[in-house]
Amino acid sequence: MNIKPKKMSFYGVKDIDSLPELKKLSETERLAMKAVAHVLPFRSNNYLVEELIDWNKIPDDPIFRLTFPHPEMLSSQDLNLMVRLIEEDAPKTALREGANEIRWRLNPHPAGQKQHNVPSLDGEPVPGIQHKYEKTVLIFPTAGQTCHAYCTFCFRWPQFVGLDDLKFATRESGDFQDYLRSHKEVSDILLTGGDPMTMKAWQLALYIEPLLESGFEHIQTIRIGTKSLAYWPYRYVTDEDADDLLRLFEKVVQRGKHLAIMGHYEHWQEFATPIAREAIRRVRSTGAQIRTQAPVIRHINDSADTWAKMWQTQVSLGCIPYYMFVERQTGAKEYFEIPLVRCWEIYQQAIQQVSGLGRTARGPVMSALPGKVAIDGVAEIAGEKLFVLSFLQARESDWCKRPFFASFDADATWLSDLKPAFGQYKFFYESQLEDILTRQKLF
Ligand SMILES: *Cc1c(COP(=O)(O)O)cnc(C)c1O
Ligand code: SF4
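Notes on the structure follow. In this text the structure is predicted, and so the values were computed from the model without any measurement. (Residues numbered from 1 in each chain as written. Chains lettered and ligands numbered in written order. Predicted model: local features only at pLDDT ≥ 70, side-chain atom pairs only at ≥ 80, totals over all residues. Heavy atoms only, no water.)

### A word on the nonpolar core
- Phe68, Leu180, Leu204, Tyr236 and Phe249 are the most contacted members of the largest nonpolar core, which totals 140 residues.
- With 8 residues, the single largest contributor to this core is helix H14 (residues 340-351).
- With sequence-adjacent residues up to four places away left out, Phe68 is seen in contact with Leu19, Leu22, Met33, Phe42, Ser44, Val49, Ile53, Trp55 and Thr152.
- With 9 residues, the next largest nonpolar core counts Leu190, Ala260, Ala374 and Leu392 among its residues. (Core = buried A, V, L, I, M, F, W, Y, C linked by side-chain atoms within 4.5 Å. Buried < 20%, exposed > 50% of the residue type's maximum accessible area, 1.4 Å probe, protein only. Helix = DSSP H or I, 4+ residues; strand = E, 2+ residues; numbered from the N terminus. Contact = heavy atoms within 4.5 Å.)

This is the structure we're talking about:
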């Protein structure tokens, strides 16, 4: 396949006026985009701009919605404030102050919440890893805390605008390896970010190669969570160290471990280019598997047909659909969020359109404090309309796959909005959860 290499370049707030593709928008529209981009992180790149976005369809093009800011992402009050500051040519400090005030209000993480799930070894916290579920440890490599472009709905946005510091990330040396060596119950590690695939192959190897040595026989699976297959597929094909990366993947497989690339894909359009398909082919040729996941997001993929077509496309390319998430904790929550019942309808109407090989996608699922809670359906029992829920993952493994029930609520968008059905005061897991959290001193 004849694919020309591409040298990566980023677009940010300063490019909104000069990007030729945005000239078709009015000056007012561009001003509003700038206002949003001063508050919430904005980064796109030349692959998205030149190949993936259909500029005839903006602003409704899903990839445009995925990475370019929209006026509606801020409340009109906040938007007006930022627009006024820009129009008045306010000094940088005033712009930053205005933006920060809005950011603090939008930031879902009160101080200290990052401490959740940080495990300790010999009484000392091990920063940069999370161990919430028995089998799987999350690793946040220091050098992988950025992305090839920023998603407008990203829940990690505070870290990209400097609101969160990166103290939670881990260096390649020592600590996380010691932790894993002494936790034989762990079978999976998941490298996550940001996007670990923004690292060079040699940096990634520093995290992965030690786990192929003795002492880590219990680690069966290495997962890498990444958006790069969609945002920068050149990473796997023509980038300078693309071949080194594939050799690293091969080495993992040859050592008898399962390598799972957890590809984040929001829309079938992300598979439309030759380079996107070539990247998938090259990754799979190493023996790695690609599993896919995405949240349901209003204005981007909130239709059953979009999901059905995406899953079909994935299956035909040899990818394995894995999760459909319910999104939350975005800065622009009101703009993107969708009621739980609507998420479930989209899942239910999409899954019936694909064969069994596409029905490996589980969801819609909320990654919440007690665990990963799936909305299994809406039912009526003893005259009460309710949601049927279950854990796919839980802080207490034994909570998994025990159906439980919440009163139906058409407006609920998160687990915390739901009340137990049948007049109960608590969900079955809640007392135990309080005990666990107290023990971990999380209150
Ligand atoms: C989702 C998740 C995992 C992985 O769960 P699987 O069911 O194995 O995919 C691990 N840790 C955390 C914190 C998670 O949110
Ligand atoms: S790729 Fe993931 S971490 Fe990066 S901006 Fe998108 S949602 Fe956020």
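### What to know about the pattern of salt bridges
- With the rule as written, the count across this model stands at 23 salt bridges.
- Between Arg181 and Asp178 there is a salt bridge, with the nearest N and O atoms lying 2.9 Å from each other. Of this pair, Arg181 and Asp178 both sit in helix H7 (residues 175-181), 3 residues apart, roughly one helical turn.
- Judged by relative accessible area, which is 33%, Asp178 ranks as partly exposed.
- Among the salt bridges present, the one from Arg247 reaches Asp244, with a minimum N-O distance of 2.8 Å. Here the residue Arg247 and the residue Asp244 both occupy positions in helix H10 (residues 242-254), the gap between them amounting to 3 residues, near one helical turn.
- When its relative accessible area of 39% is taken as the criterion, Asp244 is described as partly exposed.
- Salt bridges here are not isolated pairs; linked through shared partners, they connect Lys6, Glu50 and Glu51. (Salt bridge = Lys/Arg side-chain N within 4 Å of Asp/Glu carboxyl O.)

### Points about the site of ligand 2
- In the vicinity of ligand 2, the contacting residues are Cys147, Ala149, Tyr150, Cys151, Cys154, Phe160, Gly194 and Lys227.
- Grouping the constituent residues of the shell around ligand 2 by class yields 6 nonpolar, 1 polar and 1 charged. (Near = heavy atom within 4 Å. Nonpolar A, V, L, I, M, F, W, Y, C, P; charged D, E, K, R; others polar.)

### Regarding the site of ligand 1
- Every residue lining ligand 1 is accounted for by Lys132, Tyr133, Thr136, Leu138, Arg223, Tyr322, Tyr323, Ser367, Lys372 and Gln393.
- Between an oxygen atom of ligand 1 and a side-chain N or O atom of Tyr322, the distance comes to 2.7 Å.
- Side-chain polar atom of Gln393 to an oxygen atom of ligand 1: 2.9 Å apart, as the coordinates give it.
- Of all the elements in the fold, those that place two or more residues in the shell around ligand 1 are strand E5 (129-133), strand E6 (136-139) and strand E11 (320-326).
- Residues belonging to the shell around ligand 1 are distributed by class as follows: 4 nonpolar, 3 polar and 3 charged. (Polar contact = N/O pair within 3.5 Å; in protein donor to acceptor, adjacent residues only side chain to side chain.)

### A few points about the packing of aromatic side chains
- A full pass over the atoms with the stated rule returns 26 aromatic pairs.
- Judged by centre distance (5.6 Å) and plane angle (40°), the rings of Trp399 and Tyr429 are tilted. Separated by 30 residues along the polypeptide, Trp399 in the loop between strand E14 (384-394) and strand E15 (404-407) and Tyr429 in the loop between E15 and helix H15 (430-439) bring together distant segments of the chain. For the pair Trp399 and Tyr429, one class covers both residues: buried.
- Ring geometry for Phe405 versus Phe422: centroids 5.9 Å apart, planes at 65°, classification edge-to-face. Highlighted residues: Phe405 in strand E15 and Phe422 in the loop between E15 and H15, separated in sequence by 17 residues.
- A residue is classified by how much of its surface remains accessible, and Phe422, at 38% relative accessible area, is partly exposed.
- Clustering of aromatic rings is evident, with ring pairs tying together Phe391, Trp399, Phe404, Phe427, Phe428 and Tyr429.
- Between the NZ or CZ atom of Arg43 and the centre of the ring of Phe10, over which it lies, the distance is 3.9 Å.
- Seen from the ring of Tyr231, Lys227 lies directly overhead, with NZ or CZ sitting 4.9 Å from the centre. (Phe/Tyr/Trp six-rings, centres within 6.5 Å; stacked < 30°, edge-to-face > 60°. Lys NZ or Arg CZ within 6 Å of the ring centre and 35° of its normal.)

### Thoughts on the packing of helix H12 (residues 304-316) against H14
- Running from amino to carboxyl end, H12 crosses H14 at an angle of 45°, the nearest separation of the two axes being 8 Å. Relative to H14, H12 is oriented oblique. Where H12 crosses over H14, the handedness of that crossing is right-handed. In contact with Ala304, Trp307, Ala308 and Trp311 of H12, H14 contributes Ile346, Tyr347, Gln349, Ala350 and Ile351.
- Broken down by class, the residue content of the contact of H12 with H14 amounts to 8 nonpolar, 1 polar and no charged. (Axes fitted to C-alpha atoms, helices over the stretch in contact; angles between N-to-C directions. Parallel < 35°, antiparallel > 145°, perpendicular 65-115°, else oblique. Left-handed = near helix turned anticlockwise from the far one by under 90°.)

### Looking at helix H1 (residues 27-39)
- Its 13 residues place the ends of H1 19 Å apart at the C-alpha level, agreeing with the 18 Å of an ideal helix rising 1.5 Å per residue.
- Along H1, the positions that sit buried rather than exposed are Arg30, Leu31, Ala32, Met33, Lys34, Ala35, Val36, Ala37 and Val39.
- Structurally, H1 contributes buried residues whose contacts are with helix H3 (62-67), helix H4 (76-87) and helix H5 (92-106). (Expected span 1.5 Å × (residues − 1).)

### Digging into the environment of Val49
- Mapped onto the elements, Val49 comes out in helix H2 (residues 46-52).
- Note on Val49: relative accessible area 2%, which makes it buried.
- Apart from the residues lying within four places of it in its own chain, the contact partners of Val49 are Tyr11, Leu19, Glu21, Ser44, Trp55 and Phe68.

### Looking at the packing of H4 against H5
- The interhelical angle for the contact between H4 and H5, taken along N-to-C directions, is 170°, at an axis separation of 10 Å. For the element pair H4 / H5, the angle class is roughly antiparallel. Touching Asp78, Leu81, Met82, Leu85 and Ile86 of H4 are Ala94, Leu95, Gly98, Ala99, Ile102 and Arg105, all from H5.
- Across the contact of H4 with H5, the residue classes tally to 8 nonpolar, 1 polar and 2 charged.

### Some details on the pairing of strand E10 (residues 289-296)
- Burial runs high along E10: 6 of the 8 residues are buried.
- Where strand E9 (residues 258-264) lies against E10, 5 bridges are found, and the strand directions are parallel. Looking at the pairing, His264 lines up with Gln293 of E10.
- With helix H11 (residues 274-285) bridging E9 and the parallel E10, this β-α-β connection has right-handed handedness.
- Two strands pair when backbone bridges link them, and E10 and E11 are joined in this way by 6 bridges, in the parallel orientation. When the sheet's bridge partners are listed, Arg291 is paired in E11 with Ile320.
- Between E10 and its parallel partner E11, the chain crosses via H12, and the hand of that crossover is right-handed. (Pairing = 2+ DSSP bridges. Right-handed = clockwise from strand over helix to strand, strands pointing away.)

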